[in-house]
Amino acid sequence: MTHTIETPPAVPAGEPLPPQVDKLIADLEAHLPQGEVPAGIFGHPQVYQTELRKVFGRCWVYLAHDSEIAANGDYVVRKIGEDNFIVSRDEAGQIHVLFDACRHRGVQVCRADSGNTSHFRCPYHGWTYGSDGKLVGAPLWRNAFGGMSKEDNGLTAAAQVRAYHGLIFATLDPTAPPLEEYLGGMAWYLDLLFGLDGEGMEVLGAPQRFVVDANWKSGADNFSGDDYHLGTLHRSVWEIGAFPIPFRENMMGYHIQAEPGHSLSFSMADDPDEPGPKFFGFPDDVAAKFDTSRISEHQLDIARRSRVMVGNVFPNFSLLALPLTEDGSKHPPTGIVTIRCWQPKGPGQIEIWNWFLGYKGMSDEQKDRAYRAGLGTFSVGGSFEMDDTEPWITVGRTGRSVAAELLDFRLNYQMGMPGVGIATKVDDWPGPGVTYRTRYEEGVQRNLYRYYAAMMRAERGEWPKVGLDEDL
C-alpha cells in the first residue's frame, strides 16, 4: 500500500506569512507580554515550514567543533535546518561549510558522516571536488565541458562561516550580522566557560544522535533556563546521588537574558568560600591548572562560584556545565560539559545531537571520568535525558491538537513577572544582559519567544531589533 504524505506549501522568506501562521505569531506577539505562548507554535506544519526559511535559513547555526576536524582533509556532515552540509578542513587548514549537492544535478557527494579525504566525488557523473569545494575535474572533461569555467561550478558554500572558541557556526544569509555581533552579550558567557583553560576545549568521542517525537523549541526552551522542573521531573537523580546539590540550594542563582534570543542560567553560591562544588564541579586539581588570564576578574568570580551553567544560543544550540556522576556509589561527581543541537526533522520530531567536551589541559583519566559521567546522565540512555524527553513529546502533541487550535490554548510563562513568584531584577550583575535572581523565573524563555516572533516576521535583508525585559 502506498501512503501519500501531504507537505504544506513552501513559505518564501520574503512573502507574507500564511494566514494560520500569521494568526499564531500575532497571538504570540499579543500575549507574550502577559506571559502566554500559543501552544500551536509547537506543532503546526506551516509554522515549521516558515521556521526552516525564516529562522534556520537566516540565523547563525552551530555545526561542529574544530577538534572534530583537527587534521587537514578531515570532514563531518552536519545540518542547517533539514539540509546536509559538509564541514571540512582543506589541505591548507582552512574550514569550509559546503552544501552537500553536486552542481551538475544536485546529487549528494558525501556518503559518510565523517572521515578524511582530499576529494568528494559525485557518484552520478563523476564530478570531483576538492576538500575546499572547488571543482577539480570530471570524466572526459575536454569533450563534455571544455571551455566551461571550473571556478564557477564548485560546491556552494554557506553565506558566512565563523568559529568562536572552536565552535563552528554558519549562516545561509549573507546579510546576517557577524557572529560576534549576533552572539552579543552571550559571547561574554561563552568566554567565561570556554576561556578557563588556556589550551581550550576538545570533543570527547563522537556525537550521540537520537530521534525524539518532539518540537525543536522544547529543547531550546528547556536549556534557556527551565530550572523549575528539576525538583519534580529529575527527583530520582537526587535520590540516586547523581547530582550533589540539594534542590533548594540549586535554585539559588541567576537568570540572564544575555542578548535578544540568547538566555542562560547559573546555579551559584553567594560566597566563593561557601561549601559545595566550584568551577562547575571540576576537581580541584583540574581547576588549579586553569589559565584564567584570558577572562576578567568578574568572569573568574562567577566561574569560581558556579555550580551549574545552562544556556541556549538561538535558535537551537545549547550548552550545560555541572557536576554529575553516573554511579554515586562508585564515583564522586565531576564536572562535565555537554553541548547539543535540537535538530529539526519536522513539526513533531527532532534529532538530538549531543557532544561531551573536556578541557585540553585535563589528563586522559580526567577526560574519561567526565565522559563516562556524561554518558550516564545526559545521553540517549542517561537519567536526565530520559526524564526530559518524555514531557517534550506531549508538548508537541498538544501543539498539534485540534483542541488547542479551537480553544486558543496558551501556555503559561508568567513566572518571575511583577507580582508572580520571588524572583527580582538584579541591577548590579557584573556581566551583560538583563538579570534576575532567583532561578524561579521564566523571563529567559520569554526572551527566546520574543526573538523568535521577530525572526518569523523579518523580511530577507532585514535584521530585527528586539528588546529584553527592561520594562517589566
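Everything here concerns the structure above.
Quick caveat: nothing in here was measured; it's all calculated off a predicted structure. (Residues numbered from 1 in each chain as written. Predicted model: local features only at pLDDT ≥ 70, side-chain atom pairs only at ≥ 80, totals over all residues. Heavy atoms only, no water.)

Colleague: Give a description of the overall build of the protein chain that names residues and reports values.
Modeller: Within the protein chain, the secondary structure is distributed over 15 helices and 22 strands. Its C-alpha atoms give the protein chain a radius of gyration of 23 Å, near enough to 23 Å, the size a compact globule of 472 residues would have. Expressed along its principal axes, the backbone C-alpha trace of the protein chain runs to roughly 75 × 55 × 45 Å. Taking all 472 residues of the protein chain together, the buried fraction comes to 56%. In the protein chain, the proportion of contacts linking residues at least 24 apart, taken out of those at least 6 apart, comes to 68%. As displayed, the protein chain offers around 19500 Å² of accessible surface, 50% of which is attributable to carbon and sulfur atoms. Where the 43 positive side-chain charges of the protein chain centre and where its 63 negative ones centre are 5 Å apart. (Helix = DSSP H or I, 4+ residues; strand = E, 2+ residues; numbered from the N terminus. Rg over C-alpha atoms; globule rule 2.2 N^0.38 Å. Buried < 20%, exposed > 50% of the residue type's maximum accessible area, 1.4 Å probe, protein only. Contact = heavy atoms within 4.5 Å. Areas by Shrake-Rupley, 256 points an atom, 1.4 Å probe, with all protein chains shown as cover. Lys, Arg positive; Asp, Glu negative; His and termini not counted. Charge placed at Lys NZ, Arg CZ, Asp CG, Glu CD.)

Colleague: So what's going on with the sheet that holds strand β10 (residues 160-164)? Which residues, and what values?
Modeller: Pairing in this open sheet of 3 strands is antiparallel, and the strands run β2-β11-β10 from one edge to the other. Taken across any chain shown, the strands that pair with only one partner, and hence form the sheet edges, are β2 (61-65) and β10. The mean inter-strand angle of the sheet, taken between neighbouring strand axes irrespective of direction, is 30 degrees. (Pairing = 2+ DSSP bridges. Axes fitted to C-alpha atoms, helices over the stretch in contact; angles between N-to-C directions.)

Colleague: How would you explain the sheet that holds strand β6 (residues 114-116) if you had to name every residue and give the values?
Modeller: Read across the sheet, 4 strands follow the order β5-β4-β3-β6 without closing on themselves; strand pairing throughout is antiparallel. The two strands at the open ends of the sheet, each matched to only one other strand, are β5 (95-99) and β6. Each strand of the sheet is rotated relative to its neighbour by a mean of 30 degrees, with strand direction disregarded. Two strands pair when backbone bridges link them, and strand β3 (residues 74-80) and β6 are joined in this way by 3 bridges, in the antiparallel orientation. The residue bridging Val76 from the neighbouring strand is Ser114, located in β6.

Colleague: Tell me about the pattern of salt bridges, and name the residues and values.
Modeller: One pass over the structure, following the stated rule, counts 20 salt bridges. The residue Glu51 makes a salt bridge to Lys217 at a minimum N-O spacing of 2.6 Å. One end of the pair, Glu51, is in helix α2 (residues 45-54); the other, Lys217, is in helix α6 (residues 216-223), with 166 residues separating them in the sequence. Close ionic contact of Asp113 with Arg209 constitutes a salt bridge, the shortest N to O distance being 3.2 Å. Here Arg209 lies in strand β13 (residues 208-212) and Asp113 lies in the loop between β5 and β6, a separation of 96 residues in the sequence. (Salt bridge = Lys/Arg side-chain N within 4 Å of Asp/Glu carboxyl O.)

Colleague: Could you give an account of the packing of α6 against helix α13 (residues 383-399), with specific residues and numbers?
Modeller: The contact between α6 and α13 brings their axes to 9 Å, and the two run at 130 degrees. With respect to their mutual orientation, α6 and α13 come out oblique. Where α6 crosses over α13, the handedness of that crossing is right-handed. Contacts from Ser218, Gly219 and Asn222 of α6 reach α13 at Asp388, Trp392 and Val395. Its residues assigned to classes, the contact of α6 with α13 shows 2 nonpolar, 3 polar and 1 charged. (Parallel < 35°, antiparallel > 145°, perpendicular 65-115°, else oblique. Left-handed = near helix turned anticlockwise from the far one by under 90°. Nonpolar A, V, L, I, M, F, W, Y, C, P; charged D, E, K, R; others polar.)

Colleague: Pulling in residues and values, what's your account of a nonpolar patch on the surface?
Modeller: A grouping of Val402, Leu406, Leu407 and Phe409 is seen on the molecular surface, where their side chains present a nonpolar patch of about 460 Å² in accessible area. Examined against the element boundaries, Leu407 turns out to sit in the loop between α14 (402-406) and β20 (410-412). Judged by its relative accessible area of 65%, Leu407 falls in the exposed class. (Patch = residues over 30% accessible without salt bridge, like charges linked within 9 Å, V, L, I, M, F, W, Y side chains within 5 Å.)

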